[in-house]
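The lines below spell out each chain.
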Amino acid sequence: MDTPHLRLEDSGETFALTGELTTVGRGEGVDISLDDPSVSRLHAEVIRRGPYVYVSDLGLSVNGTRVNGRPVGKRVLIEGDVLSFGTCRTRVGGLAGLATVDDTVELRRISAPDLTRREHEVLTALCRPALQQDAFVAPATAHEIAAELVVTEAAVKQHLLRLYQKFRIGEGVNRRARLANEVISAGVVRPLPNDVEADVRRAG
């Protein structure tokens, strides 16, 4: 299929992304219905804008949306990406002729606000659980971040409040998870190679 599409890895079923907006979930009325308990009733949207296609997690799902194993809030897609809704895996196809890979990858480098060294350390600690595992996991708590950085929990909460403002994360449920999604999508925090990470732990 030459048109943009998602192909279910388990069954091979293909869903064409013909409209500007395609809703994904397991509830009634969605464009792509996935009969999987890990998928929320209204889970995510896949959006076409000119030569680009991107996925947007709607923040309503417990299990999240991932691209190539990494949790995302919003992410520009390229040919061959593995797009997962909960534990339901699909592969992105038909994008090769829409935009060059270089252009699309460049769009993934979302402009991030200026961060202090401590704020970057807090974000790294926050996202560490998600970056170390393929499955979606909750980000670190303020208590866990404080223990890792050897600072008070109150100090971590103050840093998080400033980071919510910098990344424009509004009040509401799953605020830490939404911040982690935005930070990972923007490429602000990236996983360390296993051997480097082990060296860092040993050095610490």
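Residues numbered from 1 in each chain as written. Predicted model: local features only at pLDDT ≥ 70, side-chain atom pairs only at ≥ 80, totals over all residues. Heavy atoms only, no water.

Here we look at the sheet that holds strand β10 (residues 82–85)
The strands making up a sheet associate through backbone hydrogen bonding, with each pair oriented either parallel or antiparallel.
Here's step 1: What the six strands build is an open sheet, ordered β2-β1-β11-β10-β7-β8; its pairing is antiparallel. Two strands in the sheet have a free side with no partner beyond their single neighbour: β2 (14–16) and β8 (70–71).
Here's step 2: Judged from the three bridges that link them, strand β1 (residues 5–8) and β2 form a sheet pairing that is antiparallel. Note on β2: the bridge partner recorded for H5 is A16. (Pairing = 2+ DSSP bridges. Helix = DSSP H or I, 4+ residues; strand = E, 2+ residues; numbered from the N terminus.)

With respect to unusual backbone geometry
Here's step 1: One non-glycine residue, V150, lies in positive phi territory at about 55°.
Here's step 2: Overall, V150 belongs to the exposed group, its relative accessible area being 72%. (Buried < 20%, exposed > 50% of the residue type's maximum accessible area, 1.4 Å probe, protein only.)

What to know about the packing of helix α2 (residues 117–132) against helix α4 (residues 153–166)
Here's step 1: With their axes 10 Å apart at the nearest point, α2 and α4 run at an angle of 90° to one another. In terms of their interaxial angle, α2 and α4 are classed as roughly perpendicular. Packed against α2, whose contacting residues are R118, E119, V122 and L123, the element α4 presents H159, L160, R162, L163 and K166 at the interface.
Here's step 2: Among the residues making up the contact of α2 with α4, the classes are represented as four nonpolar, one polar and four charged. (Axes fitted to C-alpha atoms, helices over the stretch in contact; angles between N-to-C directions. Parallel < 35°, antiparallel > 145°, perpendicular 65-115°, else oblique. Contact = heavy atoms within 4.5 Å. Nonpolar A, V, L, I, M, F, W, Y, C, P; charged D, E, K, R; others polar.)

Structural notes on the pairing of strand β5 (residues 44–49)
Here's step 1: With four bridges joining them, strand β3 (residues 21–25) and β5 adopt antiparallel strand pairing. What sits directly across from V24, in β5, is A44.
Here's step 2: With six bridges connecting them, β5 and strand β6 (residues 52–57) associate as antiparallel partners. Within the sheet, the bridge partner assigned to A44 lies in β6 and is D57.
Here's step 3: Linking two consecutive strands that pair antiparallel, namely β5 and β6, is a turn of two residues; a positive phi of about 60° is found at G50 within it.

Take it as geometry only, folks, not as evidence of what the structure does.
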